[in-house]
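# Summary of the model geometry
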Amino acid sequence: MTPGKNGLFALKTIEKSGLPIYNFVIDETTGIPITYCSYTDLKKYGFKLNDKQRQIMTKGFIKTSNRMKGYAALYDLCEVIEIFCGYKPTYISSN
C-alpha cells in the first residue's frame with residue numbers, strides 16, 4: 001500500500017486494508033486512541049520511519065478536514081518509542 005504524491009491515501013485503498021478509518025469530517029466525535037500519531041507528528045517528535053517501517057507499523061487512517069485530499073496513516077507512538085529508544089512506554093488513562 002503506497003500513498004499518493006501528497007503522502008495521503010485514497011479511500012478505496014485504505015478500505016481494502018481492513019485497518020480502522022477515523023473520519024472527523026463525517027463525525028466530529030469519532031474516538032481515536034491517544035497514542036496514535038501521523039507521520040508529520042512523529043517527525044515533529046524527532047522520529048523518522050523508513051518506507052518499510054511505515055508500511056508495517058500503520059495502525060489506521062485519519063481525515064480531519066475537507067481540505068485533506070485523502071487519509072493520513074496513523075502510527076502508535078508507544079511502538080515507535082520502543083523501536084527507537086529501546087523501551088516500551090505504557091499509557092495509563094485516568095478515570
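Residues numbered from 1 in each chain as written. Predicted model: local features only at pLDDT ≥ 70, side-chain atom pairs only at ≥ 80, totals over all residues. Heavy atoms only, no water.

## Some thoughts on the overall build of the chain
Note the threshold: A run of H or I in DSSP becomes a helix once it reaches four residues, and a run of E becomes a strand once it reaches two; helices and strands are each numbered from the N terminus. Radius of gyration here is computed from C-alpha atoms only, and the compact-globule reference equals 2.2 Å multiplied by the residue count raised to the power 0.38. Exposed residues in this analysis have more than 50% of their type's maximum accessible area, buried residues have under 20%, and partly exposed residues fall in between, with area computed by a 1.4 Å probe over protein chains only. Whether two residues are in contact is decided by their heavy atoms: any pair within 4.5 Å suffices. Here the accessible surface of atoms and residues is derived via Shrake-Rupley with a 1.4 Å probe, and residues count as covered only by protein chains that are part of the display. Residues scored as charged are limited to Lys and Arg (positive) and Asp and Glu (negative), so that His and the chain ends carry no count. We put the charge of a Lys on NZ, of an Arg on CZ, of an Asp on CG and of a Glu on CD.
Scanning the chain from N- to C-terminus turns up four helices and four strands. For the chain, the N- to C-terminal ordering of α and β elements is α-β-β-α-α-β-β-α. Against the 2.2 N^0.38 benchmark of 12 Å for 95 residues, the chain shows a C-alpha radius of gyration of 14 Å, consistent with a compact globule. Counting only C-alpha atoms and orienting by the principal axes, one finds that the chain spans roughly 35 × 35 × 25 Å. Residue burial in the chain is summarised as follows: out of 95 residues, 34% are buried. For the chain, contacts bridging at least 24 residues in sequence account for 58% of all contacts bridging at least 6. With an accessible surface of roughly 6600 Å², the chain has 52% of that area assigned to carbon and sulfur atoms. Both charge centroids of the chain, one from 13 positive and one from 8 negative side chains, sit 9 Å from each other.

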